[in-house]
Amino acid sequence: MADLPGRVRAGRAEPPVRVTGVTTLPDRRLLLVHAHPDDETIGTGSTMAHYAAAGAHVTLVTCTLGEEGEIHVPELAQLAAAEADQLGGYRIGELAAACAALGVTDHRFLGGAGRYRDSGMMGLATNEHPRAFWQADLDEAAGHLVEIMREIRPQVLITYDENGFYGHPDHIQAHRVAMRAVELAAAEGFAPAKVYWTAMPLSVLEAGMTEFTESADNPFVGIEDVAELPFGTPDEQIAARIDATDQHAAKQAAMRAHATQIPHNSWLYAIAGNFGAEFIGVEYYTLAVGEKGPGSGPYAWEDDLFAGLPDVGPDRAPVTAAGLR
Ligand SMILES: [Zn+2]
């Protein structure tokens, strides 16, 4: 169901026309649950662009507005939380531009924009803000996500591992909320068939450290061993490797859209420049829920998050949007 804008005729506005209709969603539906604007791009941007380009329905749910982020655009410094506290609203626009670059049209904020606030880094006073996502009631927050699942019926969900990939409270909370929502949806019979967590194989980290040793812009500076990093997964525990190198330009455009967060001289761009599209266009996942599909290579990594799913294809009953089922 959609509200059309009010029509103006003979100088008088008429009330909006409610159109009742059934929208058939694509066969393959992917839901991503992220903590802040920019996480979708940095962690999963190539995957999102890859599936959007392939005609899948890609839904992004962002849990906070990222109000506590640093600001890398000097002209916007006074938007900061301690000053005008307008960064969150500004980042809505950055996220919209990033989604456009990735080809993703279905984007929502958990509970609506501004419902949950960026909690800031672990241990800071911002963790205690009454709207901080870290303080969110788990079932209430998960309930918002269940409603989206009920509407979209995603077969595949992507979020973070229990450490939120690197320990940020909002990432940990996004994990908890997503996993609780999967549990609640399962009880109603529409849980995603597969749940993936973002991951970085140790072999890729090791290769990156080696490549960057000679670089002036080394993000691993001061780190002797990958074991010191707060992330990194043994290769044999990785389930899927999504090669979206053909989407690396989309991901870079989305990164540029998050200008307050990613400085133009960031090592993230240096990665793309120095080491080619693979470092930016290939993303990895562990499988937390569901059956692993067929894959290839030494660890039989899937090359498709929908691999092995029985209900993807022309024979599957169509799913309709707008709750009309
Ligand atoms: Zn984040």
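Predicted, not measured: the structure shown is a model, and the values here were computed from it.

Draft legend 1. Examining the environment of Arg 176 more closely. Along the chain, the position of Arg 176 falls in helix H4 (residues 169-188). It is 9.9 Å that separates the C-alpha atoms of Arg 176 and Asp 139, two residues lying 37 residues apart in sequence.

Draft legend 2. Representation of the environment of Leu 268. Note on placement: Leu 268 falls in helix H7 (residues 267-275). What makes Leu 268 partly exposed here is the crowd of 18 C-beta atoms within 10 Å. Sequence spacing of Leu 268 and Pro 219 is 49 residues, and the spatial spacing of their C-alpha atoms is 8.7 Å. Apart from the residues lying within four places of it in its own chain, the contact partners of Leu 268 are Met 255 and Ile 262.

Draft legend 3. How the structure looks around the confidence of the model for the chain. Within the chain, residue pLDDT values average 87, and 85% of them lie at 70 or more. Contacts for the low-pLDDT stretch residues 314-318, under 50 throughout, to residues beyond four places or in other chains number three contacts. A low-confidence stretch, residues 320-325 stays under pLDDT 50, and its non-local contacts, those more than four residues away or across chains, total 11 contacts.

Draft legend 4. How the structure looks around the sheet that holds strand E11 (residues 282-289). Taken in spatial order, the seven strands of this open sheet run E7-E6-E5-E8-E9-E11-E10, and their pairing is mixed. The open sheet has two free edges, formed respectively by strand E7 (106-109) and strand E10 (240-243), since each of these has just one partner strand. Looking at each pair of strands side by side, their axes are set apart by 25° on average, direction ignored. The pairing of strand E8 (residues 156-159) with strand E9 (residues 194-199) spans four bridges and is parallel. Pairing of Val 156 across the sheet is with Lys 194, part of E9. Seen against the sheet, helix H3 (residues 138-152) touches strand E5 (29-34), strand E6 (57-62) and E7 and runs at an angle of roughly 170° to E6. Of the strands in this sheet, E5, E8, E9 and E11 touch H4, which is tilted by about 160° from E8.

Cut-off values and rules
- Residues numbered from 1 in each chain as written.
- Predicted model: local features only at pLDDT ≥ 70, side-chain atom pairs only at ≥ 80, totals over all residues.
- Helix = DSSP H or I, 4+ residues; strand = E, 2+ residues; numbered from the N terminus.
- Buried ≥ 20, exposed ≤ 12 C-beta atoms within 10 Å, placed from the backbone.
- Contact = placed C-beta atoms within 7 Å.
- pLDDT = per-residue confidence, 0-100.
- Pairing = 2+ DSSP bridges.
- Axes fitted to C-alpha atoms, helices over the stretch in contact; angles between N-to-C directions.

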